[in-house]
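Spelled out from the first residue to the last, the chains are:
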Amino acid sequence: MFQQCRALLITTALVFCQQVFAHETTSDLSKYVTESVTVSGAVENKLILRVNDLRQFPPQKVGEVPLICQTGANVGKLENFKGVLLKDILEKAVVISKDHNDVKKTIVIASATDGYKVVFSWSEIFNTPIGEGVMVFFEKDGKPLPEDEGRIAMISSKDLRTGPRHVKWLNGIEVRKIVD
Ligand SMILES: Nc1nc2c(c(=O)[nH]1)N[C@H]1C(S)=C(S)[C@@H](COP(=O)(O)O)O[C@H]1N2
Ligand SMILES: [Mo]
């Protein structure tokens, strides 16, 4: 009797644990999923862009980008994705520049719902070849981005190590002049 009870208790506990962990794994990712990205800070037009708004910008299609972590480890690749240039989004938002030299002191902060943030400089985006590879993307293989990075993400495809500025669950683009 005691042994049966013990077996029943252990089984119940195991089933309960499994359910809790299975649930956590699913909800952990779904809670980060973004439906829009806000462009704010030193811009003339604040924008809130949903996937359908992003589709209004000139489309960029990319075949393949290897994902390399900051440590040098290869962590996979991005394939057949579709998005738009960050440059085109910032041109629509219009970066505020009161003085001819203001943009040279301006940065762009891309942030995600899990608290992840990366920065770009205005010069890097508008005055180096890197800018041609900085994209906000929303489709892979013709489908919306899955929960592990979607529905909106970012990549700087010309970086040497592309992992760090692959921002999953992108929800903010903030423009900030950081020195006077
Ligand atoms: N939102 C968000 N994006 C992120 C990260 C993160 O922690 N949060 N980590 C980055 C880093 S350092 C790398 S190497 C890749 C790792 O992608 P993976 O978690 O799919 O392997 O995502 C990048 N994008
Ligand atoms: Mo990384």
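Everything below is about the structure printed above this text.
Now for a description of the structure that goes with this document. (Residues numbered from 1 in each chain as written. Chains lettered and ligands numbered in written order. Predicted model: local features only at pLDDT ≥ 70, side-chain atom pairs only at ≥ 80, totals over all residues. Heavy atoms only, no water.)

So, the sheet that holds strand E1 (residues 36–41)
So, point 1. Read from one edge to the other, the open sheet built from 5 strands follows the order E2-E1-E10-E5-E6, with strand pairing classed as mixed. Each having just a single partner strand, strand E2 (47–50) and strand E6 (117–121) make up the two edges of the open sheet. Taken over all neighbouring pairs, the strand axes of this sheet differ in orientation by 20° on average, direction set aside.
So, point 2. Running at roughly 140° to E2, helix H3 (residues 86–93) makes contact with E1, E2, strand E5 (106–112), E6 and strand E10 (170–177) of the sheet. (Pairing = 2+ DSSP bridges. Helix = DSSP H or I, 4+ residues; strand = E, 2+ residues; numbered from the N terminus. Axes fitted to C-alpha atoms, helices over the stretch in contact; angles between N-to-C directions. Contact = heavy atoms within 4.5 Å.)

Things to note about the side chain of Thr 34
So, point 1. Residue placement: Thr 34 occurs in the loop between helix H1 (2–30) and E1.
So, point 2. On the basis of relative accessibility, which here comes to 4%, the residue Thr 34 falls in the buried class.
So, point 3. One polar contact links the side chain of Thr 34 to the main-chain carbonyl oxygen of Leu 170, over a distance of 3.0 Å.
So, point 4. When sequence neighbours within four positions are dropped, the list of residues in contact with Thr 34 reads Thr 113, Gly 150, Arg 151, Ile 152, Trp 169, Leu 170 and Asn 171. (Buried < 20%, exposed > 50% of the residue type's maximum accessible area, 1.4 Å probe, protein only. Polar contact = N/O pair within 3.5 Å; in protein donor to acceptor, adjacent residues only side chain to side chain.)

A word on the pattern of salt bridges
So, point 1. In total, this model carries 8 salt bridges according to the counting rule given.
So, point 2. One salt bridge in this structure joins Glu 139 and Arg 55, with 2.9 Å as the shortest N-O distance. With Glu 139 in strand E7 (residues 134–140) and Arg 55 in the loop between helix H2 (51–54) and strand E3 (60–68), the pair connects residues that are 84 residues apart, well separated along the chain.
So, point 3. Judged by relative accessible area, Glu 139 falls into the buried class, the value being 12%.
So, point 4. Here Lys 140 and Glu 149 are joined by a salt bridge, their closest N and O atoms 2.5 Å apart.
So, point 5. We classify Glu 149 as buried; its relative accessible area is 3%.
So, point 6. Look at the salt bridges and you will find they share partners, linking Glu 124, Asp 159 and Arg 165 into a network. (Salt bridge = Lys/Arg side-chain N within 4 Å of Asp/Glu carboxyl O.)

As for the pairing of E10
So, point 1. Bridge count between E1 and E10: 4 bridges; the pairing is parallel. Note on E10: the bridge partner recorded for Thr 38 is Gly 172.
So, point 2. Pairing of E5 with E10 involves 7 bridges; the strand directions are antiparallel. Bridge pairing links Thr 106 to Lys 177 in E10.

Some words on the nonpolar core
So, point 1. Leu 86, Ile 89, Phe 120, Val 136, Leu 170 and Ile 173 are the most contacted members of the largest nonpolar core, which totals 31 residues.
So, point 2. Broken down by element, this core gets its largest block of residues, 4 residues, from H3.
So, point 3. Those residues within four positions of Leu 86 in sequence are excluded, and the remaining contacts are Val 108, Phe 120, Ile 125, Val 134, Met 135, Met 154 and Ile 173.
So, point 4. Core analysis: the second largest hydrophobic core is formed by 11 residues, Val 62, Leu 67, Leu 78 and Phe 81 among them. (Core = buried A, V, L, I, M, F, W, Y, C linked by side-chain atoms within 4.5 Å.)

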